[in-house]
Amino acid sequence: MEQSINDLFSLEGRVAIVTGGLGLIGRYHCKALAEAGAAVIVADIDTLKAEDFAFELGNDSIGWELDVTNTDSLKKASNHILKKFRRIDILVNNAAINDMFENPNTALEESRFENYPLEMWKKMLDVNLTGIFLCSRVFGSEMAKQGKGSIINIASTYGIVAPDQSLYKNENGEQTFYKSPAYPVTKGGVIAFTKFLASYWADKNVRVNALSPGGVENEQKEFFIKSYSAKTPLGRMAAPSEYKGAIVFLASDASSYMTGANLVVDGGWTAI
């Protein structure tokens, strides 16, 4: 039977997990899914904040402390979710880390490829890539048993194109730091993993897609915002709320014939 547009985008009665649910765009992923009718598990490392935010969402949503790199933590969450809701329909693999150099005076030298700390490389691989692998295995396996589900892996434009290092220069044209190899490598890996898993679970009716967001405005320096915007066809950075539609589309039956794809929402950044 043909579904109406409203029914296609509805998530009524579905259960969604969002890792990194307290992050900049993670919160908006949670809001979008809840507004479409889903019960949302706000999964993050701060239990109290996750619970408070989940209460605001309604729909019987819950907050849950989760370490995406720890299998025991994931299994504990899965058991609780299945006991409470008896199903898992949607997984948004959003949890990720980015480079943070604590001392601006040493950031330039530390961020150079020749000097980039091996421990930072390993940590980013662990969270950004292994975390998605583990979450998909634990939560996605339940979807495969159900015979239906949608996994959305959050990638990045930097998983498609190389970082533009000129963005990280100041008003005087001086390089302040370099975007490291770790973040784009992990995000490129996310896209590759998405294709693998989409093919692997296609016969289980578990759809797996990636969403590649562009840069989100978040109190960056005005010079950076202007530089980034100048390189984007739409002439601006994204608002964190501008990925809500894409999340609901990928989570819902509106994208029922879509798997293994990378939905790019970047203001045209990768189009030129």
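Residues numbered from 1 in each chain as written. Predicted model: local features only at pLDDT ≥ 70, side-chain atom pairs only at ≥ 80, totals over all residues. Heavy atoms only, no water.

A. The arrangement of the packing of aromatic side chains in detail. Counted under the stated rule, the structure contains eight aromatic pairs. An angle of 20° between the planes, with centres 5.7 Å apart, marks the rings of Phe196 and Tyr200 as stacked. Of the two residues, Phe196 and Tyr200 both sit in helix α7 (residues 182-200), four residues apart, roughly one turn of that helix. Taking the relative accessible area as the measure of exposure, Phe196 reaches 48% and is therefore partly exposed. Judged by centre distance (6.1 Å) and plane angle (40°), the rings of Phe224 and Tyr228 are tilted. Taken together, the positions of Phe224 and Tyr228, both in helix α8 (residues 222-230) and four residues apart, correspond to about one turn of that helix. Since its relative accessible area comes to 17%, Phe224 is described here as buried. Every member of this aromatic cluster is reached through a ring pair, and the members are Phe133, Phe193, Phe196, Tyr200 and Trp201. (Phe/Tyr/Trp six-rings, centres within 6.5 Å; stacked < 30°, edge-to-face > 60°. Helix = DSSP H or I, 4+ residues; strand = E, 2+ residues; numbered from the N terminus. Buried < 20%, exposed > 50% of the residue type's maximum accessible area, 1.4 Å probe, protein only.)

B. Up close: the nonpolar core. Of all hydrophobic cores here, the largest spans 35 residues; its most connected members are Ile17, Ile41, Ile81, Phe139 and Ile151. Within the residue set of this core, elements represented by two or more residues are β1 (15-19), β2 (39-44), β3 (62-65), α4 (71-85), α6 (118-146), α7 and β6 (206-213). With eight residues, α6 is the largest single contributor of residues to this core. When sequence neighbours within four positions are dropped, the list of residues in contact with Phe139 reads Ile17, Leu66, Leu74, Ala77, Ser78, Ile81, Ile88 and Leu91. Membership of the second largest hydrophobic core comes to 31 residues, among which are Ala32, Ala50, Val248 and Ala251. (Core = buried A, V, L, I, M, F, W, Y, C linked by side-chain atoms within 4.5 Å. Contact = heavy atoms within 4.5 Å.)

C. Looking closely at helix α9 (residues 244-251). Among the residues of α9, Ala246, Ile247, Val248, Leu250 and Ala251 are the ones counted as buried. Check the buried side of α9 and you find it contacts α1 (5-9), α2 (26-35), β4 (90-93), β5 (149-154), β6 and β7 (262-265).

D. Broad picture of the pairing of β2. Burial of β2 is extensive: six of the six residues sit out of reach of the surface. Side-chain alternation along β2 places Ala39, Ile41 and Ala43 on one buried face and Val40, Val42 and Asp44 on a second face that is also buried. In this fold, the crossover linking β1 to β2 by way of α2 has right-handed handedness. Both β2 and β3 contribute to a ladder of four bridges, which runs parallel. Within β3, the position partnered with Val42 by the bridge is Gly63. Crossover β2 to β3 through helix α3 (residues 47-57) is right-handed. (Right-handed = clockwise from strand over helix to strand, strands pointing away. Pairing = 2+ DSSP bridges.)

The values reported here are purely geometric and, on their own, carry no functional implication.
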